[in-house]
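# Working through the structure, step by step
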Amino acid sequence: MRDIDWHERAASAVLDGRALIGGKRVAAASGETFEKLSPLNGRALVQTARGAAADIDAAVRSARAAFESGAWRDQPPASRKKVLQRFAEQLMSHREELALLETLDMGKPIRFSMSVDVPSAAQCISWYAEAVDKIYDEIAPTGPQALALITREPMGVIGAIVPWNYPMIMAAWKLGPALAAGNSVVLKPSEKSPLTAMRMAELALEAGLPEGVFNVVPGFGHEAGEALALHPDVDAVGFTGSTRVGRKMLEYSGRSNLKRVYNELGGKSAFLVFKDFTDLDRAASTAASSIFFNQGESCNAPTRLLVEDSIADEFVARVTALVGKYQPADPLNTKTVMGALVDEGQMKTVLGYIDAGNSEGARCVTGGTRMLEQTGGYFVAPTVFDGVNNGMKIAREEIFGPVLSVLRFSDEAQAVAIANDSSYGLQASVWSSNLDRAHRVARALRAGTVHVNQYDEDDITVPFGGYKQSGNGRDKSLHAFDKYTELKTTWIRIG
Ligand code: NAD
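A brief structural summary. (Residues numbered from 1 in each chain as written. Predicted model: local features only at pLDDT ≥ 70, side-chain atom pairs only at ≥ 80, totals over all residues. Heavy atoms only, no water.)

## Section: the site of the ligand
Around the ligand sit 29 residues in total, of which Val-162, Lys-188, Glu-191, Ser-242 and Glu-398 are the nearest. Glu-191 places a side-chain nitrogen or oxygen 2.6 Å from an oxygen atom of the ligand. For the ligand, an oxygen atom lies 2.6 Å from a polar atom in the side chain of Ser-242. Of all the elements in the fold, those that place two or more residues in the shell around the ligand are α8 (221-230), β10 (236-240) and α9 (243-255). Split by residue class, the shell around the ligand holds 15 nonpolar, 8 polar and 6 charged. (Near = heavy atom within 4 Å. Polar contact = N/O pair within 3.5 Å; in protein donor to acceptor, adjacent residues only side chain to side chain. Helix = DSSP H or I, 4+ residues; strand = E, 2+ residues; numbered from the N terminus. Nonpolar A, V, L, I, M, F, W, Y, C, P; charged D, E, K, R; others polar.)

Encoded structure:
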């Protein structure tokens, strides 16, 4: 990374918390704002528009008008591709600005905002842009008297409601397929990290996306989010967030227009290490990096480490020895790998789970405390609990912080049973040098993604989503087009 004084950049950054509706930056109709605090020091960062029902209605009307005008959906796929490719290029040419906003807003280290968040979001937009003029529709094998065309059409207005942990990437996972397919979008970013969403929409306009096709309304979940999910003129909601709010999404749909709801929800992923795995150092370093990346604020973080009895003491010692690499520090320092939690509320939630682990009898082997309190920021030490059983709160509930729970098993059947004994089913990982076992266990695990002898491989080409209460629908890959398109059959009689 080139030598940048990020503190100096932060001091001179111009932050704009206004919504973007119909191609214009606007204040909330009520004129109200809310104060967004910095996770780095607890001080006021920016006044953000407090979007509510009137703003959502204006954004949905603007999205509908843009859709009906055909200005976007009727462009040939190859020209939508060009606009979205320019949008992706704009994201990359504003990489430093966007990365700084992401770090200031949600507390992640600048090195990862620069190397992961902005490039992944840009790559996602570019990948769907590239895909859209290469997908063919179908003709059914109906016989000589008729022609039955099976075509995909854009749905119309898509509501995208996203969380704060990867603000740009989560937005891009909705925007890529929804926009490429020809829809209009109203994006509601999290109130905890709204800033990059509005800049993304400005850059999309500069890239040539017609006004009204991509609108952003910041605000609280129970105000702007609820209004969007209840709006009668929204055709589908792509939601990423907690399982608690995912339930509400289904209710909102039932209470309004039965809009499609695609939920991408929480996780409590299991990481199973068998004694036959020959490279325990690699397994330990992958376990540590996967749980502590993004301060543990990742839906797919492997928060339950299941280790075979006979190697458990040694394996826990190896993971614990690595914790020093993940000590929280200044997110604006390019060497930092563990930043601040997103806000005081999230920090208190995580510390509350640590208290629960201690009081339920698990053994905290490292961490367990707030750190760098003098900065005013919300830092928590990387924490490992040993002696956890699967009935404990820290094994059952999603913590969304840097806390690892270690459970032990005596054989394969027990390992699979513990891993599957969860209301979640987002991801899982099996570590074994026995090929039969690796395949057997991978098949038996009830999760949307199962990794074998790795955890960190990821790619836009593969679907991402969960079994059970981790959601339905899948982000990423060509499968994501299914969420934002309707299938139409057209019968043509041949005389
Ligand atoms: P959250 O559910 O609290 O909020 C998510 C979004 O929903 C935010 O924009 C919020 O403002 C909005 N919202 C909240 N209440 C609402 C309501 N009543 N009506 C409408 N909208 C509402 O989740 P969070 O704390 O922002 O994010 C963390 C959660 O997201 C974790 O559970 C994590 O596992 C999950 N997540 C899942 C994935 C995935 O792909 N499966 C990816 C990232 C995060």
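Having seen the model, we can carry on.
## A look at the environment of Val-403
Assignment of secondary structure puts Val-403 in strand β18 (residues 403-409). Judged by its relative accessible area of 1%, Val-403 falls in the buried class. The spatial distance from the C-alpha of Val-403 to the C-alpha of Gly-471 is 23 Å, given a sequence separation of 68 residues. Residue contacts for Val-403: discarding those within four places in its chain leaves Ile-291, Thr-303, Val-350, Ile-354, Thr-383 and Phe-385. (Buried < 20%, exposed > 50% of the residue type's maximum accessible area, 1.4 Å probe, protein only. Contact = heavy atoms within 4.5 Å.)

## Overview of the pattern of salt bridges
Evaluated as defined, the whole model comprises 41 salt bridges. For the salt bridge of Arg-282 with Asp-279, the shortest nitrogen-to-oxygen distance reads 3.8 Å. The exposure class of Asp-279 is partly exposed, given its relative accessible area of 32%. A salt bridge links Arg-318 to Glu-314, with the shortest nitrogen-to-oxygen separation between them at 2.2 Å. Of the two residues, Arg-318 and Glu-314 both sit in helix α11 (residues 309-321), 4 residues apart, roughly one turn of that helix. For Glu-314, a relative accessible area of 38% puts it in the partly exposed group. Counted as one network, the salt bridges with shared partners bring together Asp-16, Arg-18, Arg-25, Glu-97, Arg-199 and Glu-202. (Salt bridge = Lys/Arg side-chain N within 4 Å of Asp/Glu carboxyl O.)

## Re the sheet that holds strand β23 (residues 485-493)
In a beta sheet, neighbouring strands pair by backbone hydrogen bonds and run either parallel or antiparallel. The strand order across the open sheet formed by 3 strands is β5-β6-β23, and the pairing between neighbours is antiparallel. Two strands close off the open sheet at either side, each with one partner strand: β5 (138-140) and β23. For this sheet, the mean angle separating the axes of adjacent strands, direction not counted, is 30 degrees. In the sheet, strand β6 (residues 146-154) pairs with β23 via 9 bridges, with the strands oriented antiparallel. When the bridges of β23 are listed, Thr-151 appears paired with Lys-488. (Pairing = 2+ DSSP bridges. Axes fitted to C-alpha atoms, helices over the stretch in contact; angles between N-to-C directions.)

## Quick word on the pairing of strand β20 (residues 427-431)
Among the 5 residues that make up β20, 5 are buried, leaving the element largely enclosed by the rest of the structure. Neither face of β20 is exposed, since Gln-427, Ser-429 and Trp-431 on one face and Ala-428 and Val-430 on the opposite face are all buried. Summarising the sheet, strand β12 (residues 270-273) and β20 pair through 4 bridges and their orientation is parallel. For Leu-272, the partnering residue across the bridge sits in β20 and is Val-430. Bridging between β20 and strand β21 (residues 449-452) involves 4 bridges; their strand directions are parallel. Its bridge partner lying in β21, Val-430 is registered against Val-452.

## Things to note about the environment of His-94
Within the secondary structure, His-94 is located in the loop between α3 (77-93) and α4 (95-106). Along the chain, His-94 and Leu-203 lie 109 residues apart, while their C-alpha atoms are 8.8 Å from each other. In contact with His-94, other than residues within four places in its own chain, are Arg-199 and Leu-203.

## A short note on empty space enclosed by the protein
Within this structure, the stated rule accounts for 4 cavities of 30 Å³ or more. Lining of the largest cavity is provided by 16 residues; of these, Arg-304, Ala-419, Tyr-424, Gln-427 and Arg-446 occupy positions nearest its centre. For the lining of the largest cavity, the secondary-structure elements that each account for two or more residues are α14 (412-420), β19 (424-425) and β20. For the lining of the largest cavity, the per-class residue count stands at 7 nonpolar, 5 polar and 4 charged. Computed from the structure, the second largest cavity encloses a volume of approximately 50 Å³. When the residues that make up the lining of the second largest cavity are grouped by side-chain class, the tally is 6 nonpolar, 4 polar and 2 charged. (1 Å grid on protein atoms, 1.4 Å probe; cavity = no way out; pocket = protein on both sides within 12 Å on 5 of 7 lines; lining within 4 Å. Points joined across faces, edges and corners; volume = space filled by probe spheres on them.)

## Some details on the sheet that holds strand β14 (residues 363-366)
Strand order in the open sheet formed by 7 strands is β14-β17-β18-β13-β12-β20-β21, and the pairing between neighbours is mixed. Where the open sheet ends on each side, the last strands, each with one partner, are β14 and β21. Averaged over all neighbouring strand pairs, the angle between strand axes comes to 25 degrees, with direction disregarded. Together, β12, β13 (304-308), β14, β17 (383-386) and β18 form the strand contacts of α11, whose direction differs from that of β13 by roughly 135 degrees.

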